[in-house]
Amino acid sequence: MSTTERIGAGRYVTAAATPDNTTVSVHELTTTDGATVSGVLRTVPGAATVAFLMHPRQDFTHHVLVSEFLARGCAVWTQGARTMGNDLTLLHEQALLDMAAGHVFLRQHGFDSVVAVGHSGGGTLAAYYIEQASLTPSARFANTPGGRTVPLPEADMPEPDAAVFMAPHPGQGALLMRMIDPSVVDESDPLSVDPTLDPFNSDNGFVQAPESSTYTSEFIDRYRAAQRVRIARIDDIAHARVHAAACARQRHKQTGDPAARRKALASGVLTVHRTDADLRCVDLALDPNDRPYGSLFGSRPDLTNYGVVGFGRLTTPEAWLSTWSGLSTRADFLRCAPAVRIPSLLIELTGDQACFPADARAMASALGGTDVTHVRVRGKHFGAGLTTGEPTGASLAGERIGHWLHERYDTRH
């Protein structure tokens, strides 16, 4: 029997049925800095191992892997971050405090083993958490890239016993670095374009969908260099606004001037146009796998790139620097992975449009433990099957996860 579950950006996939003997409870937790987050604990009789699923932006309550873990005798904890469903103000360092509260709760609940499970952007969140948890408290970050104080050194941050990464992309910032359209010449004009960098200009190798485009190595190199330049340009804007707000806060502290207080609160929101322009999504010969033409947002990146939906489109300056800037964020899988020394399983989905083969190999190689397993299963990024009628990527991943766990842990008492 199977059920249909909603996951990620509105994608629907088929999941194994939840066992009838599952007990479900909802819990509210308080973080070190006083925020309230909530989670759902599902457990089956005798479960000694618990899987911890969390994403910095998405609601994982009904994640497709929940039933896969339960069917294999594991309990499952799904938790939301304080910015779940609205990443306008998402600071990854605060999300680590949210995750820490969940790990404290699970240790107090008495499970023998806790497995951090990171899917998509949850993979980098888990890796970042493990990196910070592995440090002595005084060595942890005490502020965000924008300078906001965050009490990671004061937080209780229990380390998980193992990590499972399914279709992890290399981080929100690293992902956007390859997706942002560098042909934008005016950040206030969504239609402004440098035709020599336009990925959807036939002169540069673009072919109308659904035919695969062909870009030259020279264009690809120029394009990727220009992507970094655009990220740096937005970084400069973000840093300037953060600095102005910080100066205003200091003036208000010294003088009590209400105008300074207002200015401190008025750092504004960045609008980042055209963030669905990864060349790999329209040129299928680049880092090839089983992926279909198109991106996570649709089968026509030449159109969705100009729409209102996309990664990092609306964000505060602080959140841009902490989360979406590939130059400023610390939430980067490759940066954090060497500190992940616990047993780790990385599952690559062969039809992924966000975690490409080169990304998966690099991430697996960067993990710092001696017990690292990298497997590939057929499926798409959100866990769907590649074609109608074949097993879903989530079910295939569940089988590999089950074997991997049972080789290492007693999942039941």
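Residues numbered from 1 in each chain as written. Predicted model: local features only at pLDDT ≥ 70, side-chain atom pairs only at ≥ 80, totals over all residues. Heavy atoms only, no water.

J.: Would you mind going over the overall build of the protein with me for this structure?
T.: When helices and strands are tallied, the protein shows eleven helices and twelve strands. Here the C-alpha atoms of the protein give a radius of gyration of 22 Å, agreeing with the 22 Å that 2.2 N^0.38 yields for 413 residues. When the 413 residues of the protein are sorted by exposure, 57% land in the buried category. Counting contacts in the protein only where the partners sit at least 6 residues apart, residues at least 24 apart contribute 76% of the total. With an accessible surface of roughly 16300 Å², the protein has 51% of that area assigned to carbon and sulfur atoms. The protein carries 37 positive and 44 negative side-chain charges, and their two centres are separated by 4 Å. (Helix = DSSP H or I, 4+ residues; strand = E, 2+ residues; numbered from the N terminus. Rg over C-alpha atoms; globule rule 2.2 N^0.38 Å. Buried < 20%, exposed > 50% of the residue type's maximum accessible area, 1.4 Å probe, protein only. Contact = heavy atoms within 4.5 Å. Areas by Shrake-Rupley, 256 points an atom, 1.4 Å probe, with all protein chains shown as cover. Lys, Arg positive; Asp, Glu negative; His and termini not counted. Charge placed at Lys NZ, Arg CZ, Asp CG, Glu CD.)

J.: Sorry, what's going on with helix H3 (residues 121-133) here?
T.: Since the α-helix advances by 3.6 residues per turn, residues separated by three or four positions end up pointing in the same direction. Between the first and last C-alpha of H3 there are 19 Å, a value that for 13 residues agrees with the 18 Å anticipated at 1.5 Å per step. Counted residue by residue, H3 has 13 buried out of 13 residues, so it is predominantly covered. (Expected span 1.5 Å × (residues − 1).)

J.: How do you make sense of a nonpolar patch on the surface when you look at a structure like this?
T.: On the surface, Leu191, Val193 and Tyr306 cluster together into a nonpolar patch covering about 280 Å² of accessible area. Note that valine 193 resides in the loop between helix H4 (172-179) and helix H5 (217-255). (Patch = residues over 30% accessible without salt bridge, like charges linked within 9 Å, V, L, I, M, F, W, Y side chains within 5 Å. Salt bridge = Lys/Arg side-chain N within 4 Å of Asp/Glu carboxyl O.)

J.: Honestly, helix H2 (residues 92-109) in this entry has me stumped. Any pointers?
T.: Relative to the 26 Å expected for 18 residues at 1.5 Å per residue, H2 spans 26 Å between its end C-alpha atoms, a close match to the ideal helical length. Taken across its 18 residues, H2 has 15 buried, putting it largely inside the fold. One or two steps after H2, the chain reaches glycine 110, where phi turns positive at roughly 95°.

J.: How should the packing of aromatic side chains be read in this particular structure?
T.: The description of an aromatic ring pair rests on the distance of the ring centres and on the angle between the ring planes. A full pass over the atoms with the stated rule returns eight aromatic pairs. Here the aromatic rings of tryptophan 77 and phenylalanine 105 are separated by 4.7 Å at their centres, their planes lie at 35°, and the arrangement is tilted. Highlighted residues: tryptophan 77 in strand E6 (residues 75-80) and phenylalanine 105 in helix H2, separated in sequence by 28 residues. Each of the two residues, tryptophan 77 as well as phenylalanine 105, counts as buried. Centroid distance tyrosine 215 to phenylalanine 219: 5.4 Å. Interplanar angle 20°. Geometry classified as stacked. Neither tyrosine 215 nor phenylalanine 219 differs from the other in exposure class; each is buried. Taken together, the aromatic side chains of Tyr215, Phe219 and Tyr223 make up a single cluster linked through ring pairs. Stacked on the ring of phenylalanine 141, the Lys or Arg arginine 330 has its end atom at 3.9 Å from the ring centre. (Phe/Tyr/Trp six-rings, centres within 6.5 Å; stacked < 30°, edge-to-face > 60°. Lys NZ or Arg CZ within 6 Å of the ring centre and 35° of its normal.)

J.: Before we go on, may I ask you to explain the layout of surface pockets in this structure?
T.: Here the second largest pocket is characterised by a volume of approximately 310 Å³. Every residue lining the second largest pocket is counted, 17 residues in all, and those nearest its centre are Pro170, Ala174, Arg178, Arg280 and Asp359. Going through the elements one at a time, H4, H5 and helix H10 (357-366) are the ones with two or more residues in the lining of the second largest pocket. For the lining of the second largest pocket, the element with the most residues is H10, which contributes four residues. Each residue belonging to the lining of the second largest pocket can be placed in one class, and the counts come to eight nonpolar, two polar and seven charged. (1 Å grid on protein atoms, 1.4 Å probe; cavity = no way out; pocket = protein on both sides within 12 Å on 5 of 7 lines; lining within 4 Å. Points joined across faces, edges and corners; volume = space filled by probe spheres on them. Nonpolar A, V, L, I, M, F, W, Y, C, P; charged D, E, K, R; others polar.)

J.: Looking at this model, I keep getting lost on unusual backbone geometry. Mind explaining?
T.: If a residue is not glycine, its phi is most likely negative; likewise, a peptide bond is most likely trans. A cis geometry characterises the amide bond from alanine 209 onward to proline 210, with omega recorded as 5°. With respect to the helices and strands, the residue proline 210 is situated in the loop between H4 and H5. Within the chain, serine 120 stands out as a residue other than glycine whose phi angle is a positive 55°. Relative to the elements of secondary structure, serine 120 occurs in the loop between strand E7 (113-119) and H3. The class of serine 120 is buried, set by a relative accessible area of 12%. Positioned with a positive phi, arginine 274 is a non-glycine residue whose angle comes to about 55°.

J.: Is there a simple way to explain the confidence of the model for the protein in this structure?
T.: The predicted coordinates of low-pLDDT regions are not to be read in fine detail. Per-residue pLDDT for the protein has a mean of 94; in total, 96% of the residues score no lower than 70. Ignoring residues within four places in sequence, the model shows residues 1-15, a span with pLDDT below 50, making 41 contacts including any to other chains. (pLDDT = per-residue confidence, 0-100.)

J.: How do you make sense of the pattern of salt bridges when you look at a structure like this?
T.: One side chain can pair with another of opposite charge once the charged atoms of both are near each other. In the structure shown here, the tally under the stated rule is 19 salt bridges. We note a salt bridge from glutamate 93 to arginine 330, for which the minimum N-O separation is 3.7 Å. On the criterion of sequence distance, the pair formed by glutamate 93 in helix H2 and arginine 330 in the loop between helix H8 (317-324) and helix H9 (333-336) is long-range, its members being 237 residues apart. Summarising the burial analysis for this pair, glutamate 93 and arginine 330 share the class buried.

J.: Could you clarify how one ought to interpret the nonpolar core in this entry?
T.: Taken as a class, soluble globular proteins show a tendency for nonpolar side chains to be buried jointly. One finds Phe69, Leu106 and Ile347 to be the most contacted residues of the largest nonpolar core, which totals 74 residues. Among all residues touching isoleucine 347, those that are not within four sequence positions of it are Val164, Phe165, Met166, Ala167, Pro168, Val375, Val377, Ala397 and Ile401. Residues Met179, Ile180, Phe311 and Phe382 belong to the second largest nonpolar core, which totals 18 residues. (Core = buried A, V, L, I, M, F, W, Y, C linked by side-chain atoms within 4.5 Å.)

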